[in-house]
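One-letter residues, chain by chain:
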Amino acid sequence: MQRHGLTTLALTIACTLSACQTITAHDGPALFVQYDTQSARILKTTLSTAMNRANIDLGPSDPSQSYKITVLPPPLGEHETNSVATPTQFEIILREGHCFVVNSKTQQSYALKGVNCRPAMQ
Amino acid sequence: MRGQKSHQFFLSILSLCLVFTLTSCGGGGGSSSPSVNPPVSNDTDWTSGVFKAASVFKNHCETVRTGSDIEGKPYTDVAGSSLYEKHWLRSWTHETYLWNTEVADTNPANSTDRLTYFSTLRTLAKTSSGKDKDSFHFSQPTTDYLAQRNSAGSASYGMELVAVSNTVPRDYRVTYTEPNSPAAQIVAGQEALGRGAKILSVNGVDLVNATSSQDIDVLNNGLFPENAGVSTIFEVLDAGASTSRKVTLVSQNLSTKPVNRSKVIDTGSGKVGYILFNTFSPYSSERDLYDTISDFQSKNVSDLVLDLRYNGGGLLAVASELGYMIAGASQSNGKTFQQLRFNAAAGNKNPITGDANDPVPFYSSAVGFSVTSGTSLPSLNLRKVYILTTDETCSASEAVLNGLRGIGVEVVQIGGRTCGKPYGFYPTDNCGVTYYTIQFQIVNNLSFGDYADGFIPANSSSSFGVKVPGCSVADDLSKPLGDTNEALLAAALSYRSSGVCPTPPVSTALSKQAIASNTPSIAYFTPHDPATALPLPNEPIMKSNLDMTMPTGAL
């Protein structure tokens, strides 16, 4: 019984550690291997979900060159002459070989399924 | 038995793994849907001074919208009532209105409709000059708000007009043209419609004297085309000319170019950069300023004349960037460009977003509207800047003046009083109406933000407004913008060399302010009153109604 209990505990700990985000040598800022029509579509769709907005526009950035991505706020209405709107900053990261975008402010992450990423040189 | 015990053991491991996995690991993204509070029968009971949270009433609508808006956002309306909508307005005002303690608390049930009730939810206090402290309280249909902000430019010839007189005999002049627009094209050696040109007729109809409904319609349709491709014949009298001429223009879908023009003026005492900067609104304003200041920096510009006379504001983040590009790192590092001041109950939080209300610095790198985020911004490192203003200089433009003054940059103001809007809001939809109520004041590094009567040059005789070193000069429509003989630019250059304001000219140069001191800068919307103004259906409200009252017929 005692052996079973210790085994249970050990296996449980191992299970927990492996299920959570394990830091590997390649985890960190990442770039798209290729920024083409398909990866652009995936990026926009993912960010649209992240922003809870059906239509979004991206700021001037190329995810194959920079891991920082900005999502533009909605255009200003004609009466918004003192607007505090700013772009929303995201970062592309690699985590366990998978590509994510992370909201720089909230740190919420969203998987970029179908996109290939490579570590960004720092 | 032994197999059964192994099976049980395996299941217990599996269960524990699942439990620990689910509780240990962070979840993915997506925002939660707003909770919907079901109506409670006593929610709309009113007790003076007692307020339920606005969230109790939000989206409980008399008329429920279904589906999604034009931006693809699903409506979250639920069945409610007009009374619920009014209670939302009451609570929302209490939570977020800047002067919430100055609002008379009346029973929403006694008001006929939501808009009438909303109109009462503002302070009635006055500024020192006697104007309403809150001149910025209004609403519009949300469909209109969304349609306007999603429009990709509007049909135009690329000319901006001012109504020197908007009643018969009318006097409409061109103030400036957009680069590469039909109005700016060169025809017979001159701009098709240059600054100061007076419009005499449109498609053969006399603009100056026409009074019939039919003629007014021709004028409106010609001046303010609804679509691109509209061909219109203008008869104009150029500034300084004695005979008129005719020119045909075809409308295009155009957007305002933020930096309309710029140049480096080589004076005997150094290079002066001149920028005509007309709007902070489009994302391209960041790129335009970045490119212009980079160019000035490369040319060793040592002084700057920033022409904001027609700039009604826009993005405050771009205003912060401009402030940095003028002042540079040594003057702005660690300093505040602006701090939003909310009502006292908000504490140190933004009551609209819930975020911490942190001060906004002078951004030294691009925030990413149209320049890649993180790009270092150029700067001129100036200790003095000359800013040209009129009553159309407003909001984010005033924030630049205020922000720079807050860190000790000497601002010299040339021109006229600015509009006086140190306030802002977050347009908010509820049940199909977008409401605008003042929610914050902008203050600078010295916690100053009391310019509700505008900034005004120091030699003005007026006793209202924040006096700024500089010279009162009327806008001069007789010269192109950027011409060193144009009155405001000439005054700035003269002040720069002598420190003295020019003597008011005796010339007959047409001056908008001199002639039309009591006339709005652009005609008000007046539906089919031929004796008065021509409607301007697409004119930005800040150009037509500086007191922010909505035009007749608007919501």
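Residues numbered from 1 in each chain as written. Chains lettered and ligands numbered in written order. Predicted model: local features only at pLDDT ≥ 70, side-chain atom pairs only at ≥ 80, totals over all residues. Heavy atoms only, no water.

The secondary structure content of chain A amounts to 2 helices and 7 strands. Along the chain direction, N to C, the helices and strands of chain A fall in the order α-β-α-β-β-β-β-β-β. Out of the 122 residues belonging to chain A, those deemed buried represent 42%. Long-range contacts, defined as pairs at least 24 residues apart, comprise 47% of the intrachain contacts of chain A with a sequence gap of at least 6. Carbon and sulfur atoms make up 55% of the accessible area of chain A, which totals about 6,700 Å². (Helix = DSSP H or I, 4+ residues; strand = E, 2+ residues; numbered from the N terminus. Buried < 20%, exposed > 50% of the residue type's maximum accessible area, 1.4 Å probe, protein only. Contact = heavy atoms within 4.5 Å. Areas by Shrake-Rupley, 256 points an atom, 1.4 Å probe, with all protein chains shown as cover.)

So, on to the pattern of salt bridges. Residues and elements named next belong to chain B. Here the structure, examined in full by the defined rule, presents 20 salt bridges over all chains. A salt bridge links D429 to R65; the shortest N-O distance between them is 2.9 Å. With a gap of 364 residues between them, D429 in strand β23 (residues 428-430) and R65 in the loop between β1 (60-61) and β2 (78-79) connect regions that are remote in the sequence. Looking at R65, the relative accessible area reads 18%, which means it is buried. Residue K299 pairs with D295 through a salt bridge whose shortest N-O separation is 3.1 Å. Overall, the relative accessible area of 28% leaves D295 in the partly exposed class. Each of R195, D307, R309, D475 and E486 takes part in a single network of salt bridges with overlapping partners. (Salt bridge = Lys/Arg side-chain N within 4 Å of Asp/Glu carboxyl O.)

All names here are of chain B. Turning to its location among the elements, D69 is positioned in the loop between β1 and β2. For the buried D69, no salt bridge exists, and the shortest N-O distance to an oppositely charged side chain is 6.1 Å, to K73. In this structure the side chain of D69 is engaged in a polar contact, spanning 2.8 Å, whose partner is the backbone nitrogen of E71. Once residues within four sequence positions are removed from consideration, D69 is found in contact with Y75 and L146. (Lys, Arg positive; Asp, Glu negative; His and termini not counted. Polar contact = N/O pair within 3.5 Å; in protein donor to acceptor, adjacent residues only side chain to side chain.)

Take the side chain of B:D303 next. Residues and elements named next belong to chain B. Relative to the helices and strands, D303 resides in strand β16 (residues 303-307). Within polar-contact distance, the side chain of D303 engages the side chain of R496 at 2.7 Å. Ignoring any residue separated from it by four or fewer positions in sequence, one finds D303 in contact with K271, V272, G273, L382, K384, Y386 and R496.

What the rule picks out here adds up to 4 disulfides over all chains. At a sulfur-sulfur separation of 1.6 Å, the disulfide partner of A:C99 is A:C117. Note on the A:C99 and A:C117 pair: the S-S dihedral is about -50 degrees, so by sign convention the disulfide is left-handed. Of the two residues, A:C99 is situated in strand β5 (residues 98-103) and A:C117 in strand β7 (residues 117-119); the sequence distance between them amounts to 18 residues. Exposure remark for A:C99: the relative accessible area of 4% places this residue in the buried category. For A:C117, a relative accessible area of 16% puts it in the buried group. Paired through a disulfide, B:C394 and B:C419 show a sulfur-sulfur distance of 1.8 Å. Handedness here is read from the sign of the S-S torsion; for B:C394 and B:C419, about 50 degrees, the answer is right-handed. Residue B:C394 is found in the loop between β20 (384-389) and α9 (396-405), and its partner B:C419 is found in the loop between β21 (410-415) and β22 (423-424); the two are separated by 25 residues along the sequence. (Disulfide = S-S within 2.5 Å.)

Most often, soluble globular proteins have nonpolar side chains that are buried together. All names here are of chain B. In terms of nonpolar packing, the biggest core is built from 55 residues, with F277, L304, L306 and L404 touching the most fellow members. The dominant element in this core, judged by the number of residues it contributes, is helix α7 (residues 316-327), at 9 residues. Discounting chain neighbours no more than four positions away, the residues touching L304 are V272, G273, I275, F296, I326, L380, L382, V385 and Y386. Ranked by size, the runner-up nonpolar core spans 25 residues in total, among them L121, Y436, I438 and A452. (Core = buried A, V, L, I, M, F, W, Y, C linked by side-chain atoms within 4.5 Å.)

To continue, consider the packing of aromatic side chains. To describe a pair of aromatic rings, one takes the distance between the centres and the angle between the planes. Inspection of every chain in the model, using the stated rule, returns 21 aromatic pairs over all chains. Judged by centre distance (4.9 Å) and plane angle (65 degrees), the rings of B:F118 and B:Y435 are edge-to-face. Here B:F118 is found in helix α3 (residues 114-120), whereas its partner B:Y435 is found in strand β24 (residues 433-436), with 317 residues between them in sequence. A relative accessible area of 3% places B:F118 in the buried class. By relative accessible area, B:Y435 is classed as buried at 1%. Clustering of aromatic rings is evident, with ring pairs tying together B:W88, B:W92, B:F118 and B:Y435. Taking the ring centre of A:F100 as reference, the NZ or CZ of A:R95 above it sits at 4.5 Å. (Phe/Tyr/Trp six-rings, centres within 6.5 Å; stacked < 30°, edge-to-face > 60°. Lys NZ or Arg CZ within 6 Å of the ring centre and 35° of its normal.)

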